[in-house]
Each structure stands twice: as structure tokens, then as C-alpha cells.
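Chain and residue survey
If you want the building blocks of each chain, they are given just below.
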Amino acid sequence: MRGITDTVKHLLIINVLMFIGTLTIQNGIFYNWFSLHFPVNDSFKIWQIITHMFMHGSGMHILFNMFALWMFGVAVEHQLGSSKFLFIYISAGLGAVLFQLGYNYFEYYSAYQYIADLNLSSELIHKIANINATEGGYIKGQLFQNQLLPLLAEYNVNPNVLNTQTFSALFEMNIAASSRMVGASGCIMGVLAAFGMMNPEAKLMLIFLPIPIKAKYFIPGIILLDVISAISGQSFFSPSNTAYMAHVGGALTGFLIMWYWKRTQFNKNRWDR
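In short, a report on the structure. (Residues numbered from 1 in each chain as written. Predicted model: local features only at pLDDT ≥ 70, side-chain atom pairs only at ≥ 80, totals over all residues. Heavy atoms only, no water.)

Thoughts on the pattern of salt bridges
Evaluated as defined, the whole model comprises 2 salt bridges. Residue Glu154 pairs with Lys127 through a salt bridge whose shortest N-O separation is 3.7 Å. With Glu154 in helix H7 (residues 141–154) and Lys127 in helix H6 (residues 122–129), this pair connects stretches of sequence that are 27 residues apart. For Lys140, the salt bridge goes to Glu135, with nearest N and O atoms at 2.8 Å. (Salt bridge = Lys/Arg side-chain N within 4 Å of Asp/Glu carboxyl O. Helix = DSSP H or I, 4+ residues; strand = E, 2+ residues; numbered from the N terminus.)

So, the packing of H7 against helix H8 (residues 164–177)
Put simply, H7 and H8 touch, their axes get as near as 11 Å, and they point 105° apart. Relative to H8, the element H7 lies roughly perpendicular. Here H7 contributes Gly141, Phe144, Gln145 and Leu148 to the contact with H8, which in turn contributes Phe167, Leu170, Phe171 and Asn174. Tallied by class, the residues present in the contact of H7 with H8 amount to 5 nonpolar, 3 polar and no charged. (Axes fitted to C-alpha atoms, helices over the stretch in contact; angles between N-to-C directions. Parallel < 35°, antiparallel > 145°, perpendicular 65-115°, else oblique. Contact = heavy atoms within 4.5 Å. Nonpolar A, V, L, I, M, F, W, Y, C, P; charged D, E, K, R; others polar.)

Focus on the packing of aromatic side chains
When we look at a pair of aromatic rings, we describe it by the centre distance and by the angle of the planes. With the rule as written, the count across this model stands at 14 aromatic pairs. Measuring from ring centre to ring centre gives 6.0 Å for Tyr105 and Tyr109, while their planes differ by 5°; the resulting arrangement is stacked. Here Tyr109 and Tyr105 lie together in helix H5 (residues 82–112), a separation of 4 residues that amounts to about one turn. Taken together, Phe38, Tyr105, Tyr108, Tyr109 and Tyr112 form an aromatic cluster joined through their ring pairs. One residue, Lys84, lies across the ring of Trp261, its end atom 5.8 Å from the ring centre. (Phe/Tyr/Trp six-rings, centres within 6.5 Å; stacked < 30°, edge-to-face > 60°. Lys NZ or Arg CZ within 6 Å of the ring centre and 35° of its normal.)

So, in C-alpha cells, the structure goes:
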């Protein structure tokens, strides 16, 4: 068995150190600072596009991701070299951001169309989107309403203009704006896609479904389940708050990079190994 590769080792160390920071720095400041917030949210910072890839929300979250990084990353780095492996890893993370934020923007502006006739100012809409109605890890409608009504009064908006549909739309916009994205899953899905393209006959299996399946069937199947979960909200193997479209974006990015390299017969000497 080959030993752990340098880039995978360094990525593991960075992820663990960032998780330690999350656990040790009080009041969630560290987690809030480096997680990726929806750009409408006041907590969004440009560096979060990169730093969120090294953040994790729980011990199980980082454990599964780091296990997958070790399991597939070592093989891919051995085959491609460190530079190309790292290029796929970071590119897949960025592809995950593009897909997940695109999906969140779709949800945000789908809700917006239901309140367009209210003619609320952009400043008021921004403040409504940034209402903190979270308690115990959940966004609660009553907390949202308790803060919404004083805001409407501040901007001289009669609360009677709201009906069930428009209130729900504002609440959905707030939920979308409050979303945060963390984890290396998008990066790892890109690595997994690269592994599958280089080793299509390799047999893989899920921990809780020990049936060996060839990579050329296993990996597209995992991606398809993520697409179904994103559309339906039904979770199959992961928590319900999983950023499914990030998985899809990461996998698609990894696939496209490998497809391009194979198609153009990428010059191996162009990249340091």
C-alpha cells in the first residue's frame, strides 16, 4: 500500500487545524468568519469563497470528508501529480460554490417575485433578508415575524399589505440569505470524479451498503442521488442540510477538467509533480 501523498497530507492538516479553531474560539466567531455566507448576507466576505472549503460543522462531517480525501485523494495524486491534483481539488471547490450559490439565488429570486408588487425599497428588503431569526439551529417563523413588523413600521409600510403568500415569500428569502456553506465535499466530489475517470473498473461501495460497484456506475449514481435530493429535498445518505448542488458542481468540475485533459492529451511535463 502506498503511503500518504504530500498534498493530501497538507490538506488534511489544514482541515483539522481549521476544525480545531472552530471548536476552541468561542461564540462561533471563527466559524462565522470563515464559512461561506450568501452574498446578500452582511456576514459575507470575499475570502469565504476559499476558506469555507476547509471548514466543517461537526466531528462526523470532517471525519467522513477526510476519510474520503485520504481514500481517493492519495490515488489521484499518485496518478496525476501534486500540481494537477491540487488544481482539480480547488477548481472543484469553486465549481461547488458556483452551483450552490446559483441554486440559492434561484430560490431567493423565485420568492422575490411574490413581493415585487409591494414596492419595498431595496434597503428594506436587504434588512429583512438579514433578520436573525435563528434559535437552536433553526430559523423560526415567529421570531422572524417579531422582527419584521418593527422594520415595516420603521419604513412606514402598513403590515396589512402582507398576506400569507407575501409573508411566506419574505420568510423564504430570509432563509436563503441566512444559508451558510462549509466543508470539503465539493472538492472531494471533484477528486472522486477524477478517480472514476482514471479507474472506471475499480470497485467501490458505501460503508452502510457493502455491495461492490464499479466506479463508472457508482460515481454517476451518487451524483444522480444528489441531484434528486436537491430537487426533492429528500435525503438518501447524508443530513438534510447537505449542500447537494455543491456536490454536483464539484463532481461536474472534476469531470470536465479530466475530460479536457484527456481530450487534448495534456502535456504531463507542463506541471511539476
